[in-house]
Amino acid sequence: MSDVCRILTSPDPCAYRADLNGLRALAVAAVVLFHFQFPGLGGGFVGVDIFFVLSGFLMTRIILSALQMGRFSWQQFYLARARRIVPALLVLCLVLLFLGWWWLPAADYRLLATHAASALGFISNLRFLKEAGYFDAVSHDKWLLHTWSLAVEWQFYLLLPLLLLLLWRLWGLRGCVRGLALLAVISFLWSVYATAHWPASAFYLLGSRAWELVAGGLTWYLSSRVHLSDRWCRFGEWGGLGLIVLAIAGCNGDTPWPGSMAALPVLGTMLVLLVARTDSRLLGHPLAQWLGRCSYSIYLWHWPLVVLLAYGNLQSSTLAVAAALLGTLLLGALSYRFVETPGRVWLGQLPSRRCGWVLLSGVLLVAAPALAIRKLELTGRVNVQVEAAARDQLNENPRRKECLPGSGDQFPVCHFGGEKLDAILLGDSHAMALSSAMTAAQADRQRGFTLLAYSSCPSVNQAKRFGPGIDERHQCARFNAHAQDYLQKQPPAVPVVVINRGSLYPLGDMQAEDQGPVVYFERRYEDPDPVFLADYRERLVQSSCQLAKSRPVFLMRPIPEMPVEVAKRITRDRMWGRPSVSVSISLAEYHARHRFIWDAQDEAVRRCGVAILNPLPYLCDGDRCWGTRDGRALYYDKDHLSEYGNKLLVPLFRQVLAAHSRPLPLISSAQASIPWQAGTSG
């Protein structure tokens with residue numbers, strides 16, 4: 001064995017490297033096992049970061065090697081990438097669209113078709129950014145969520161040759177390296193900043209991921225200048241693998257990502273590539289080499305099987321997970337053997353122009369119908385009971401987008417019903433969800449009410465939100481100040497009804513692994529500390545009493561929260577032919593969850609005479625609170641009553657309106673609602 005480990009710049013930019021292939025195996029194994037929720041692999045998602053480094057290494061090697069030999073071809077570079085990526089992705093989309101036609105309800109199938117078109121256009125990262133965070137539970141309903149990383153890589157492929165060719169013509173190889181190094185530093189700093197302020201954008205967008213890909217390119221350059229003894233090569237390999245394992249075992253879905261922590265798997269991958277131990281027993285093992293060869297196809301097929309488990313509510317079934325894992329390996333092997341490899345070989349034998357037309361035609365033949373599916377009725381494909389249950393997942397107030405902002409400092413004032421003002425409804429998305437019940441409670445069509453709502457924002461002055469899905473554009477404190485200003489301009493006899501998902505804010509989501517506050521005032525608390533809870537309780541009481549100084553105030557007790565997304569559970573049970581199970585929680589569970597908010601509301605009653613609205617007599621009977629009635633969902637998710645379910649509370653709202661039935665003129669939103677400007681004190 002040589003006593004010197006040196007990486008030489010191969011004249012063949014496509015030269016095979018066993019260590020690189022072994023890293024592919026490690027990356028895909030980490031991602032797959034993480035998504036199948038294997039214990040101890042909370043950071044398995046770093047496998048994608050490993051893939052990014054490998055892609056940057058290979059693409060930089062291919063481009064700069066071709067430039068050094070004076071034979072770089074734009075056409076050949078892009079065709080080679082397309083031959084590698086498109087055929088297997090195309091087949092995956094076709095299979096999902098075909099099977100989905102016979103099984104998925106209309107809303108789910110339209111979403112699949114939209115995602116298929118986005119995936120084939122390599123813009124799915126932009127699409128998913130608009131929908132939800134990668135680690136959100138709803139992401140497990142998206143059959144092609146994993147294609148976001150392919151989109152990031154393809155966008156990198158489009159830009160890297162342009163950058164390197166420009167730098168090459170201006171300053172040669174050294175200019176390329178310096179330019180890449182500068183880009184890596186800028187992108188890394190941006191990634192750290194963006195992860196702290198706009199976590200979803202940082203996760204999905206190329207700008208905050210580019211440094212990982214560029215790091216691979218810089219590793220290729222450094223590799224031809226490294227001279228290490230075989231002993232140090234072994235240390236380097238194990239050190240790099242140790243950093244990767246540390247990231248896999250030490251990170252989880254709550255770790256801000258990519259950010260600075262992503263340096264662990266990136267540096268680890270760079271180190272393994274740098275020492276290039278082609279005789280590594282671990283990375284060179286036949287199993288690792290097979291996994292590496294099939295890694296792309298395995299990656300493509302694993303996520304749909306993860307989603308299938310979620311559709312069947314089988315994530316906790318060891319047998320089902322084992323079957324899905326075996327299915328992933330089998331489908332990945334079949335895709336590699338019969339799609340990926342022959343597709344790449346056959347397309348490579350075609351003249352360049354014909355190859356390009358074949359690839360483009362294939363993409364258009366799938367993407368165009370997928371886009372058209374969004375406009376079709378899609379009736380008569382699946383069982384009508386499945387479709388009926390699926391529609392309840394979307395059975396929310398049609399004015400939700402108009403009246404419930406989730407970020408920014410534009411605070412709409414929405415009026416429902418007639419022009420004579422009977423009440424003002426204030427709160428978060430729960431107020432939005434119950435607004436149509438108040439509309440239905442109005443006996444006189446000339447009377448109406450005003451809604452002021454802001455998503456994920458408690459009606460507690462100076463409260464600020466943080467946590468998954470929340471960035472600095474969320475302006476809860478400003479919204480509450482705006483609401484106070486609006487109320488001061490309304491007649492004092494008009495009552496205000498305050499509705500919030502009260503327990504979420506001081507206690508966190510009851511289904512979350514790490515429960516804790518999701519709001520703060522001066523400092524953030526990770527746990528429901530007694531000091532924080534006492535402060536929150538006092539601020540809630542003071543905020544309620546401030547409202548009560550000028551008008552009647554009604555505080556709604558918290559709506560019961562269900563353990564599952566009710567409409568979705570009924571839909572999935574019917575899709576799998578299972579009898580639908582009634583969803584409910586016990587009153588004991590309800591009171592254990594919401595006792596803190598009840599006590600705070602009771603204190604507001606004692607201190608300033610606010611009134612209480614209790615929904616439990618309408619949503620609960622005996623010792624249980626129900627998420628279903630007569631086989632139909634009362635909730636469109638876990639905690640928001642649907643347009644069907646909220647009608648159970650119409651009698652409750654009638655009591656409010658009857659107690660204050662003297663209608664008053666409405667002050668227009670133009671008079672009372674002035675959008676906050678940046679820099680305005682909240």
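See the structure shown above.
Because the structure is a prediction, the values reported are computed rather than measured.

Counting its secondary structure elements, the chain contains 25 helices and 16 strands. What you see for the chain is a C-alpha radius of gyration of 29 Å, in line with the 26 Å of a compact globule of 682 residues. Once the C-alpha set of the chain is aligned to its principal axes, its extents read approximately 90 × 55 × 45 Å. Within the chain, the fraction of its 682 residues that count as buried is 56%.

With seven of eight residues buried, strand β4 (residues 420-427) lies mostly within the body of the structure. Judged from the seven bridges that link them, β4 and strand β5 (residues 447-453) form a sheet pairing that is parallel. When the sheet's bridge partners are listed, Leu421 is paired in β5 with Gly448. As for the winding sense of the linkage, the β-α-β connection from β4 through helix α17 (residues 429-441) to β5 is right-handed. In the sheet, β4 pairs with strand β7 (residues 496-499) via four bridges, with the strands oriented parallel. Within the sheet, the bridge partner assigned to Leu425 lies in β7 and is Val497.

The subject of this paragraph is the packing of helix α3 (residues 74-103) against helix α6 (residues 148-197). Packed helix pairs are characterised by how far apart their axes lie and by the angle those axes make with each other. It is the contact of α3 with α6, at a shortest axis distance of 11 Å, that shows an interaxial angle of 175°. By the criterion of interaxial angle, the relationship of α3 to α6 is roughly antiparallel. Of the residues in α6, those touching α3 at Trp74, Phe77, Tyr78, Arg81, Ala82, Ile85 and Leu89 are Leu150, Trp154, Tyr157, Leu158, Pro161, Leu162 and Leu165. For the contact of α3 with α6, the per-class residue count stands at 13 nonpolar, no polar and one charged.

A word on the state of the cysteines. Per the stated rule, a full pass over the model turns up four disulfides. Here Cys403 engages in a disulfide with Cys414; their sulfurs sit 2.1 Å apart. As the torsion about the S-S bond is roughly -105°, the Cys403-Cys414 disulfide counts as left-handed. Taken together, the residues span a long stretch of sequence, with Cys403 in helix α16 (residues 400-403) and Cys414 in strand β3 (residues 414-417) at a distance of 11 residues.

What follows covers the environment of Phe57. Of note, Phe57 is situated in helix α2 (residues 46-68). Among the residues examined, Phe57 registers a relative accessible area of 1% and is labelled buried. Distance from Phe57 to Asp529, taken between C-alpha atoms, is 47 Å for residues 472 residues apart in sequence. Phe57 has contacts with Arg17, Leu20, Leu213, Gly216, Gly217, Thr219, Trp220 and Leu273, leaving out every residue within four places of it along the chain.

Let us now look at the pattern of salt bridges. Inspection of every chain in the model, using the stated rule, returns 33 salt bridges. Lys142 serves as the salt-bridge partner of Glu131, at 3.0 Å between the closest nitrogen and oxygen. Residue Glu131 is found in helix α5 (residues 124-131), and its partner Lys142 is found in the loop between α5 and α6; the two are separated by 11 residues along the sequence. Overall, Glu131 belongs to the partly exposed group, its relative accessible area being 28%. Overall, the relative accessible area of 5% leaves Lys142 in the buried class. The partner of Glu340 in a salt bridge is Arg344, and the shortest N-O contact between them spans 3.8 Å. Of the two residues, Glu340 and Arg344 are both situated in helix α13 (residues 318-349); the distance of four residues between them amounts to about one turn of the helix. Relative accessible area serves as the criterion here: at 1%, Glu340 is assigned to the buried category. Among the charged side chains, a salt-bridge network with shared partners connects Arg501, Asp509, Glu561, Arg593 and Asp639.

Right, let's get into the sheet that holds strand β12 (residues 620-621). Within a sheet, each strand pairs with its neighbour through backbone hydrogen bonds, oriented either parallel or antiparallel. A sheet is described by the order of its strands in space; here three strands give the open sequence β10-β13-β12, paired in antiparallel fashion. Each end of this open sheet is capped by a strand with a single partner; those strands are β10 (584-586) and β12. Of the pairings in the sheet, the one linking β10 to strand β13 (residues 624-626) comprises three bridges and is antiparallel in character. Bridge pairing in β13 links Ile585 to Cys625. In the packing of helix α22 (residues 587-608) onto the sheet, contacts are made with β10, β12 and β13, and the angle to β10 comes to roughly 75°.

Criteria and thresholds
- Every chain begins its residue count from 1, and numbering advances along the sequence as written.
- Residues qualify for local features only when their pLDDT is at least 70, as the model is predicted, and side-chain atom pairs are given and counted only at 80 or more; totals for whole chains, interfaces and linings, by contrast, use all residues.
- In computing side-chain properties, one takes all heavy atoms of the structure into account and sets aside hydrogens as well as water.
- Each helix corresponds to a stretch of at least 4 residues labelled H or I by DSSP, and each strand to a stretch of at least 2 residues labelled E; elements are numbered beginning at the N terminus.
- To get the radius of gyration, use the C-alpha atoms; to get the globule rule, take the number of residues to the power 0.38 and multiply by 2.2 Å.
- Summary of the burial criterion: residues with accessible area below 20% of their type's maximum are buried, those above 50% are exposed, and those between are partly exposed, where the area comes from a 1.4 Å probe applied to protein chains only.
- Any two strands with at least two DSSP-identified bridges between them are counted as paired.
- Handedness of a crossover is defined as follows: with both strands directed away from the viewer, a clockwise route from the first strand across the helix to the second makes it right-handed.
- Angles run from 0 to 180 degrees between N-to-C directions of axes, and those axes are lines fitted to C-alpha atoms, restricted for helices to the stretch in contact.
- The cut-offs work like this: below 35 degrees is roughly parallel, past 145 is roughly antiparallel, 65 to 115 is roughly perpendicular, and the gaps in between are oblique.
- Pairs of residues are marked as contacts when any of their non-hydrogen atoms sit within 4.5 Å.
- Gly is put with the polar residues, along with every residue not named as nonpolar or charged; the nonpolar set is Ala, Val, Leu, Ile, Met, Phe, Trp, Tyr, Cys and Pro, and the charged set is Asp, Glu, Lys and Arg.
- To count as a disulfide, a pair of cysteine sulfur atoms needs to be within 2.5 Å.
- Each salt bridge in this description consists of a side-chain nitrogen of Lys or Arg and a carboxyl oxygen of Asp or Glu lying within 4 Å of one another.

Remember that the coordinates give geometry; whether it matters functionally is a separate question.
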